[in-house]
Structures are given as structure tokens and as C-alpha cells.
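This is what each chain is made of:
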Amino acid sequence: QVQLVESGGGLVQPGGSLRLSCAASGKFLSINTMGWYRQAPGKQRELVAAITSSGTTNYADSDKGRFAISRDNAKSTVYLQMNSLKPDDTAVYYCNAQIWLFGGTGYSTYWGQGTQVTVSS
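Just so it is clear, the structure is predicted and the values come from calculations on it, not from any experiment.

Visitor: Got a minute to help me understand the overall build of the protein in this structure?
Guide: Counting secondary structure elements, the protein contains zero helices and 11 strands. A compact globule built from 121 residues would reach a C-alpha radius of gyration of about 14 Å, and the protein, at 14 Å, matches this within 12%. Dimensions of the protein, computed from the C-alpha atoms along their principal axes, are close to 50 × 25 × 25 Å. In the protein, buried positions account for 39% of the 121 residues. Long-range pairs, those at least 24 residues apart, make up 56% of the contacts in the protein between residues at least 6 apart in sequence. As displayed, the protein offers around 6500 Å² of accessible surface, 47% of which is attributable to carbon and sulfur atoms.

What follows is the structure, encoded as C-alpha cells:
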């Protein structure tokens, strides 16, 4: 069984930084794109950033220049470095990955349980 386990959320003051981590565990053949989404109260879940297995990145316009996504393929882990945080960044952040299981016929999408990020003074 595959699991995505997130860590690194918490309370931070405006202008501060946080680094989120998400590690995939279990038995699988490969991981394609990994990404971060967030969902604020009363809003739809939205893409924050994504990164392919070869390192190509994609960011939401609101996060460009402030956030940086990276991954360590050997550790099956994706990171999100968040700088210059604003109150509007407050949300539950979810890890997402496309994973091919042993014996599978293609990539399936998996989600982490979410980690709360609160930006407040």
C-alpha cells in the first residue's frame, strides 16, 4: 500500500518561511509528477506547484518567486520551500503524486493527508 506522508506545516508570521516535505512509502515501480495543492476554508483545492521526475517545474502565478518545489528521487520525497508568506497562504497543503505500482497498468494519483499552514501575527 502506498502512502504519502507530509510534514513541516505550522504557524508562521507574515514574511516568514516554511519548508514542507512529503515522502512516498510502500512498494511501487516509479513516481512521475509530484506536486503540492492547497485548500483554504470555503475555497476549492488549487495547484501550488508541481515537478516532473526529470525536474521540470510548474507554479501557480500567485506563488512564483516566493515558493520553490524540489524533489529527491532517491528518497521519493518532494519539498516545498515557502518564503515571504502572506496571510492569504493560510490553507491545508496536500501532497500529490502519480505513482505506478508493481503489477499496475499505469500511473494512479495519490494524495497525502494534508498539513496545516497558518500565516498570522
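Visitor: Before we go on, may I ask you to explain the sheet that holds strand β8 (residues 77-82) in this structure?
Guide: Within a beta sheet, neighbouring strands are joined by backbone hydrogen bonds and run either parallel or antiparallel to one another. Taken in spatial order, the four strands make up an open sheet running β1-β3-β8-β7, and their pairing is antiparallel. The outermost strands of the open sheet, each flanked by one partner alone, are β1 (3-7) and β7 (67-72). Adjacent strand axes in the sheet meet at a mean angle of 15°, parallel and antiparallel pairs treated alike. As defined by bridge partners, β1 adjoins strand β3 (residues 18-25) across five bridges and the pair is classed as antiparallel. Considered in β3, the bridge of Gln3 is made with Ser25.

Visitor: Teacher, can you tell me more about the pairing of β3 here?
Guide: Along any regular strand, the residues point their side chains to alternate faces of the sheet. The pairing of β3 with β8 spans six bridges and is classified as antiparallel. Considered in β8, the bridge of Ala23 is made with Thr77.

Visitor: For this particular structure, what's the right way to read the side chain of Ser21?
Guide: Relative to the helices and strands, Ser21 resides in strand β3. Other than its neighbours up to four places away in sequence, Ser21 contacts Val5, Glu6, Ser7, Trp36, Val78 and Tyr79.

Visitor: In this structure, what is going on with the environment of Val12? I would like to understand it.
Guide: With respect to the helices, strands and loops of the structure, Val12 is situated in strand β2 (residues 10-12). With 69 residues separating them in the primary sequence, Val12 and Gln81 have C-alpha atoms 13 Å apart. Leaving out residues up to four positions away in the same chain, Val12 has contacts with Ser17, Leu18, Leu85, Thr118, Val119 and Ser120.

Cut-off values and rules
- Starting from 1, residues in each chain are numbered consecutively following that chain's sequence as written.
- Residues qualify for local features only when their pLDDT is at least 70, as the model is predicted, and side-chain atom pairs are given and counted only at 80 or more; totals for whole chains, interfaces and linings, by contrast, use all residues.
- With hydrogens and water set aside, each side-chain value is computed from the structure's full complement of heavy atoms.
- Secondary structure counts use DSSP, requiring at least four H or I residues in a row for a helix and at least two E residues in a row for a strand, with both numbered from the N terminus.
- C-alpha atoms define the radius of gyration in this analysis, and the globule rule sets the expected value at 2.2 Å times the number of residues to the power 0.38.
- Only protein chains enter the area calculation, which uses a 1.4 Å probe; residues under 20% of their type maximum are buried, those over 50% are exposed, and those in between are partly exposed.
- In this analysis, two residues are considered to be in contact whenever any of their non-hydrogen atoms come within 4.5 Å of each other.
- Each accessible area is a Shrake-Rupley estimate made with a 1.4 Å probe; only the visible protein chains count as cover when residues are assessed.
- When DSSP finds at least two bridges between two strands, those strands are taken to pair.
- Here an axis means a line fitted to C-alpha atoms, over the contact stretch when the element is a helix, while the angle between two N-to-C directions is reported on a 0 to 180 degree scale.

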